[in-house]
Number of protein chains: 2
Amino acid sequence: MRKIITLALLAAGTTAFAQNPAEGISAENCIPGAVYPCVDAQHRATFIMNAPTATEVAADICDKVYPMTKGADGVWKVTTDPLVVGPHYYRLVVDGVRVNDPNVYTVYGSGSSFSMLEVPESKEEAAYYTFNPAVEHGQVRECQYWSESQQKMRRCYVYTPAGYEKGKKKYPYFILQHGMAENETGWHTQGKMANIMDNAIAAGKAVPMVVVMDNGDCDYSFGAKRGESMDQFGASFEQVVVEELIPYVEKTFRVYTDRKHRGIAGLSWGGKQSFDIGLTHTDLFANVGAFSGAIFGGTDINTMYKGSLKDADKFNKDMDVLFLSNGTEEGLGGMMLDPVFTKAGIEFTRYVSQGTAHEWLTWRRSLNEFIQLIFK
Amino acid sequence: MRKIITLALLAAGTTAFAQNPAEGISAENCIPGAVYPCVDAQHRATFIMNAPTATEVAADICDKVYPMTKGADGVWKVTTDPLVVGPHYYRLVVDGVRVNDPNVYTVYGSGSSFSMLEVPESKEEAAYYTFNPAVEHGQVRECQYWSESQQKMRRCYVYTPAGYEKGKKKYPYFILQHGMAENETGWHTQGKMANIMDNAIAAGKAVPMVVVMDNGDCDYSFGAKRGESMDQFGASFEQVVVEELIPYVEKTFRVYTDRKHRGIAGLSWGGKQSFDIGLTHTDLFANVGAFSGAIFGGTDINTMYKGSLKDADKFNKDMDVLFLSNGTEEGLGGMMLDPVFTKAGIEFTRYVSQGTAHEWLTWRRSLNEFIQLIFK
């Protein structure tokens, strides 16, 4: 179709307006020209929706629906209660129908295209995941490769650190997985992975490394479509990793190809997958992490993960980093393995994120911890 | 906030369903699990919207609003008239409010986050921009760099061809710009640039090259905000290109750094910018292209582009490729330069896309033509 915008708009739109609206600071993911949503110092968000013909409009964020008030110009507006910090998926509700906010870039999460609002932490708290012009920056690459097992093109994202481009040296790498109903874009968009890597590497806290983010085949609709059990759900990713992704990455990038320089970690369902794959293929991985891992499987150290942990001494000697994390405000999975591992003499690192739930703030922090441990 | 999806959904969603719905083939950009929108053999699209509480729902595509019919399940549906082929921005209309379709990934275009539907051309017509598993694939990289002139981080996308990664040789490159109210993602998402490059390079029709896509500062809201005239609109991009982008690219990537191996091209307003920048900096660029260029400036060969074309012999000797294209169904700009150039003895390549308007099909084709000419 013809482009909707014509040059006439240029002449029409000459009203100057401020960078931020009266109610706060514009969200970082506003599209060009949009100043709402915004967030104020008390962490209250203000949303608008241009909907002159609607009867009822509301904003649905953080488990609460805020009715919006219609202005004379047909633009609805509401300011929320103070919200907890971090990125929040939200929807606007037009006559009962949940829709995305046209004022922000849309992300993929919770099994759908979603609007997201980042309620900023303090500058100090956010420093490790904030873009810093003063440090060198890596790149995030979209790569496509053919999957023989799935007979389709698959897409992965690969972070290469600053200096990779023109250097000659090899790098260690790890696979970093999203959770259920997310995809390979999640760590980059919601997770701010590139900023976390750039900052930790620049500070010398993490060694320069490559990070590979793929699709874990765990969108619940896929599982539902296939009529999968929980055990089967996302299990197809194992074959992809072992037979296709690792060969693709090691053929394509300047990375080491031995287990000591290879890792796998993930959040929530991706944490479960990382343990399922990493701990049953200890010949491939010496670094394994689960961030809020959705891990409910057995507690028998002799049989779990195909028995790979039954000889604690051997396992401890082989595994460089075994990492588990959770937020204090979440209940889901992961923690139940601690006593099992401890009793069996399995060495592991436990990180607990204070005050955060089953959410991206927990996972940003977990990533920041994990990368400071591995490949050292 | 806590992730919205819980594991309980896994157990709930066990209904198996087909890959495609009865009305056609699911759109290529459906989110996981979504089978609508779809398109049938007659190019009719079928849209759905789950909106049980709405009074009136419609689909707005290709300049026509199609009222949808509510099913007993609260899901509204409509099948359109046959649509012209190509990618179309569209919106669903809920009680008069235009919203994005939650069933597809959202793209950025026309100054907003938009739903887009690709109405497929024939396989033969689409072959050059279709992902082909049988050829080697390049990468598309998201890069961030500091802009001194704008005191902010800027983002560009860089395509590197297959083989770049592990090779040592240098590549030619060109800057490829979007149009008004689009951004640096446009060529990759709507333009299918990577597929076009991969296919042309694999077929030996284009030499392996790097492509740089940046933000042209020409979202109309920016211009409006600054109270810019048409001449000023997006003019800030020149300084970015000359002082920041070129140095960044040449410092970061393994590319040649001479004018013969450097180019700039763009679509619509990006075509205007490419001529403005490329033809006034002939010391930097030997390859310049405008696809449906929004070019209205003077017709005096002695003064246009700071007089760089007034000596036709010198210009022709210096410039390797000067490229202009348009679709037959568009009226906007570009064509008026042909007689001016011809009269002055300026050598150029004119490409005309048959049956296409001011739209991405014209620009995909234009890109495919341009890359077969340059760096040879």
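These lines cover the structure that appears in this document, whether it is placed above or below. Starting from 1, residues in each chain are numbered consecutively following that chain's sequence as written. Chains carry letters and ligands carry numbers; both start at the beginning, A for chains and 1 for ligands, and go up in the order they are written. For this predicted model, a pLDDT threshold of at least 70 governs which residues receive local features, and a threshold of 80 or more governs which side-chain atom pairs are given and counted, while totals over whole chains, interfaces and linings are taken from all residues. Based on all heavy atoms of the structure, the side-chain values leave hydrogens and waters out of the count.

Quick look at the packing of aromatic side chains now. The aromatic pairing rule takes the rings of Phe, Tyr and Trp, using the six-membered ring of Trp, and pairs them if the centres are within 6.5 Å, calling planes under 30 degrees apart stacked, those over 60 edge-to-face and the rest tilted. Under the criterion given, the structure shown has 34 aromatic pairs over all chains. Relative to phenylalanine 370 of chain B, the ring of phenylalanine 174 of chain B lies with its centre 5.4 Å away and its plane at 70 degrees, an arrangement referred to as edge-to-face. Placement of phenylalanine 174 of chain B in strand β14 (residues 173-177) and of phenylalanine 370 of chain B in helix α10 (residues 360-370) is noted, with a sequence separation of 196 residues between them. For the residue pair phenylalanine 174 of chain B and phenylalanine 370 of chain B, the accessibility class agrees, reading buried in each case. Pairwise contacts between aromatic rings join Phe174, Trp187, Phe291, Phe323, Trp360, Trp363 and Phe370 of chain A into one cluster. A cation over a ring is seen here: arginine 254 of chain A above tyrosine 164 of chain A, with NZ or CZ 4.4 Å from the ring centre. Over the face of the ring belonging to tyrosine 129 of chain A we find arginine 364 of chain A, whose NZ or CZ atom lies 4.5 Å from the ring centre. Counting from the N terminus, the helices are the DSSP runs of H or I reaching at least four residues and the strands are the DSSP runs of E reaching at least two. Think of it in three bands: with a 1.4 Å probe and only protein chains considered, a residue is buried below 20% of the maximum accessible area for its type, exposed above 50%, and partly exposed in between. Two limits define a charge over a ring: the Lys NZ or Arg CZ must be within 6 Å of the ring centre, and within 35 degrees of the ring normal.

Most of helix α10 (residues 360-370) of chain A sits out of view: 10 of its 11 residues are buried. Among the residues making up α10 of chain A, those that are buried are Trp360, Leu361, Thr362, Trp363, Arg364, Arg365, Ser366, Leu367, Asn368 and Phe370 of chain A.

Time to look at the packing of helix α4 (residues 193-202) of chain B against α10 of chain B. Residues and elements named next belong to chain B. Axes here mean lines fitted to C-alpha atoms, for a helix over just the part in contact, with angles spanning 0 to 180 degrees between N-to-C directions. For the pair α4 and α10, interaxial distance at closest approach is 10 Å and the crossing angle is 30 degrees. The orientation of α4 with respect to α10, classified from their angle, is roughly parallel. For the crossing formed where α4 meets α10, the hand is right-handed. Across the interface between the two elements, Met193, Ile196 and Ala200 of α4 pack against Arg364, Leu367 and Asn368 of α10. Any residue outside Ala, Val, Leu, Ile, Met, Phe, Trp, Tyr, Cys, Pro, Asp, Glu, Lys and Arg is labelled polar, Gly included; the first ten of those are nonpolar and the last four are charged. Tallied by class, the residues present in the contact of α4 with α10 amount to 4 nonpolar, 1 polar and 1 charged. Angular relationships are summarised with four words: roughly parallel below 35 degrees, roughly antiparallel beyond 145, roughly perpendicular across 65 to 115, and oblique for the angles in between. By convention, the crossing between two helices is left-handed when the near helix turns anticlockwise from the far helix through less than a right angle, and right-handed when the turn is clockwise. Residue contacts are counted whenever heavy atoms from the two residues lie within 4.5 Å of one another.

Within the secondary structure layout, threonine 362 of chain A lies in helix α10. If we ignore the near neighbours within four places in the chain, the residues touching threonine 362 of chain A are Ser292, Asn326, Gly327, Glu330, Ser353, Thr356 and Ala357 of chain A.

Here the focus is the pattern of salt bridges. Here, a salt bridge means any side-chain nitrogen of Lys or Arg that lies within 4 Å of a carboxyl oxygen of Asp or Glu. According to the stated counting rule, one finds 36 salt bridges over all chains in the structure shown. Two residues, arginine 98 of chain A and aspartate 60 of chain A, come together in a salt bridge whose shortest N-O distance is 2.8 Å. You can see arginine 98 of chain A sitting in strand β9 (residues 97-99) and its partner aspartate 60 of chain A sitting in strand β4 (residues 57-61), a full 38 residues away along the chain. For aspartate 60 of chain A, a relative accessible area of 19% puts it in the buried group. In this structure, glutamate 28 of chain B and lysine 192 of chain B form a salt bridge, with 2.7 Å as the shortest nitrogen-oxygen distance.

All names here are of chain B. With antiparallel pairing, 5 strands are arranged side by side in an open sheet as β1-β2-β3-β7-β6. Among the strands making up the open sheet, the edge pair consists of β1 (25-26) and β6 (69-70). By definition, two strands form a pair when at least two bridges between them are found by DSSP. The pairing of strand β2 (residues 38-39) with strand β3 (residues 44-50) spans 2 bridges and is classified as antiparallel. By the bridge assignment, cysteine 38 is partnered in β3 with threonine 46.

What follows is about the pairing of strand β18 (residues 321-327) of chain A. All names here are of chain A. Counting buried positions over the 7 residues of β18 gives 7, a clear majority of the element. Every second residue of β18 is oriented toward a common face, with Val321, Phe323, Ser325 and Gly327 on one face and Leu322, Leu324 and Asn326 on the other, all of them buried. Here strand β17 (residues 287-291) runs beside β18; their pairing, made up of 5 bridges, is parallel. The partner of alanine 290 across the bridge, within β18, is leucine 324. Two elements, β18 and strand β19 (residues 349-353), share 5 bridges in a ladder whose sense is parallel. If you follow phenylalanine 323 over to β19, its bridge partner there is threonine 349.

Time to look at unusual backbone geometry. A negative phi holds for most residues other than glycine; trans holds for most peptide bonds. With an omega of 0 degrees, the peptide bond between tyrosine 36 of chain A and proline 37 of chain A qualifies as cis. Counting through the fold element by element, proline 37 of chain A comes out in the loop between β1 (25-26) and β2 (38-39). Its identity is not glycine, yet glutamine 151 of chain B carries a phi of approximately 50 degrees, on the positive side. Mapping glutamine 151 of chain B onto the fold places it in the loop between β12 (139-147) and β13 (152-160). Residue class for glutamine 151 of chain B comes out partly exposed when judged on its relative accessible area of 49%. Of note in the backbone geometry, phenylalanine 375 of chain B takes a positive phi value of approximately 60 degrees without being a glycine. Structurally, the position occupied by phenylalanine 375 of chain B is in the segment after α10.

Function cannot be inferred from these measures alone, as they are strictly geometric.
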